[in-house]
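# Remarks on the overall topology
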Amino acid sequence: RQESLMKKNIVAGLIAGIANFMAAFALQVSGLHDLKISRFKDEKAVEAVLRKNAPEPGFYFLPYADTTGLSPKDAAKAKQALMKEIHKRMFVTGAIRPSGGKPISESIILQLITCCLCSIALAALLCGMGKKSFGRRLGVTFTIALFGFAAFMVPFWTWFGYPGSFILVELVDTVILWGVTGSVIALLFRRFEGG
């Protein structure tokens, strides 16, 4: 019985993961994500400055206190001084890859794997609840998805200056993607359980 349950979890998770991936693709091509992205006035000029000042890949933060060579006490003072000025200066956060992004095929494969693994984990959780209604399983899915959104996405708005439009689009994504995923899992379990 345990082995059969595990197979059902994996099957439900894989099917739901593919549904999640396809829904994400539909959202990408819908134009919704264009609402959260702003363009630089002169991309080539910005790229030239970034190449000169950000030669290594990483997550960059501007302004950032340079504490190189400072004692712990002086480093703490430098950070405190910056905190007093941060609201008056240009504020920038972002990942930079001077050598270019990942190939699209690699990103697609990694995203599909991530969708399937997350969906298998969700299927195991929903199955562990025992026999529940479609609505209860979907409700648990939304609770988990919204918890994850609040815990991991809202801080990008709170601390890193991501605009409200970016966060709103991510919220729409969360509701649609995990609504689809939870629905697929709940329907499959209802079928598995003969409901």
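Residues numbered from 1 in each chain as written. Predicted model: local features only at pLDDT ≥ 70, side-chain atom pairs only at ≥ 80, totals over all residues. Heavy atoms only, no water.

## With respect to the overall build of the protein
The helix and strand inventory of the protein stands at 7 helices and 2 strands. Reading the protein from its N terminus to its C terminus gives the helix and strand order α-α-β-α-β-α-α-α-α. A compact globule built from 195 residues would reach a C-alpha radius of gyration of about 16 Å, whereas the protein, at 22 Å, exceeds it by more than 25%. Dimensions of the protein along its principal axes, counting C-alpha atoms only, are 65 × 40 × 30 Å. For the protein, with 195 residues in total, the buried portion stands at 27%. Sequence separation of 24 or more characterises 78% of the internal contacts of the protein that already satisfy a separation of 6 or more. Here the protein has roughly 13,500 Å² of accessible surface; of this, 66% comes from carbon and sulfur atoms. (Helix = DSSP H or I, 4+ residues; strand = E, 2+ residues; numbered from the N terminus. Rg over C-alpha atoms; globule rule 2.2 N^0.38 Å. Buried < 20%, exposed > 50% of the residue type's maximum accessible area, 1.4 Å probe, protein only. Contact = heavy atoms within 4.5 Å. Areas by Shrake-Rupley, 256 points an atom, 1.4 Å probe, with all protein chains shown as cover.)

## As for the packing of aromatic side chains
Aromatic ring pairs are reported here in terms of the distance separating the ring centres and the angle at which the planes meet. Following the criterion strictly, the structure yields 8 aromatic pairs and no others. Residues Phe-59 and Phe-160 carry aromatic rings whose centres are separated by 5.7 Å and whose planes lie at 70 degrees to one another, so their mutual orientation is edge-to-face. Taken as a pair, Phe-59 in strand β1 (residues 58-62) and Phe-160 in the loop between α6 (154-158) and α7 (164-192) lie far apart in primary sequence, 101 residues in all. When its relative accessible area of 46% is taken as the criterion, Phe-59 is described as partly exposed. Given a relative accessible area of 26%, Phe-160 falls into the partly exposed group. Pairing Phe-156 with Phe-160 gives two aromatic rings, centres 5.6 Å apart and planes at 55 degrees, and the pair type is tilted. In this structure an aromatic cluster arises from ring pairing among Phe-59, Phe-61, Tyr-64, Phe-91, Phe-156, Phe-160, Tyr-162 and Phe-166. (Phe/Tyr/Trp six-rings, centres within 6.5 Å; stacked < 30°, edge-to-face > 60°.)

## Describing the nonpolar core
The biggest cluster of nonpolar side chains holds 9 residues, and these are Ala-12, Ala-16, Leu-122, Ala-123, Leu-126, Cys-127, Ile-185, Leu-188 and Phe-189. Contributions of two or more residues to this core are made by α1 (2-29), α4 (104-128) and α7. Ranked by residues supplied to this core, first place goes to α4 with 4 residues. Excluding residues within four positions of it along the chain, Ala-123 makes contact with Asn-9, Ala-12, Gly-13, Ile-185 and Phe-189. One finds Ala-23, Ala-24, Leu-27 and Leu-32 within the second-largest nonpolar core, a separate group that totals 6 residues. (Core = buried A, V, L, I, M, F, W, Y, C linked by side-chain atoms within 4.5 Å.)

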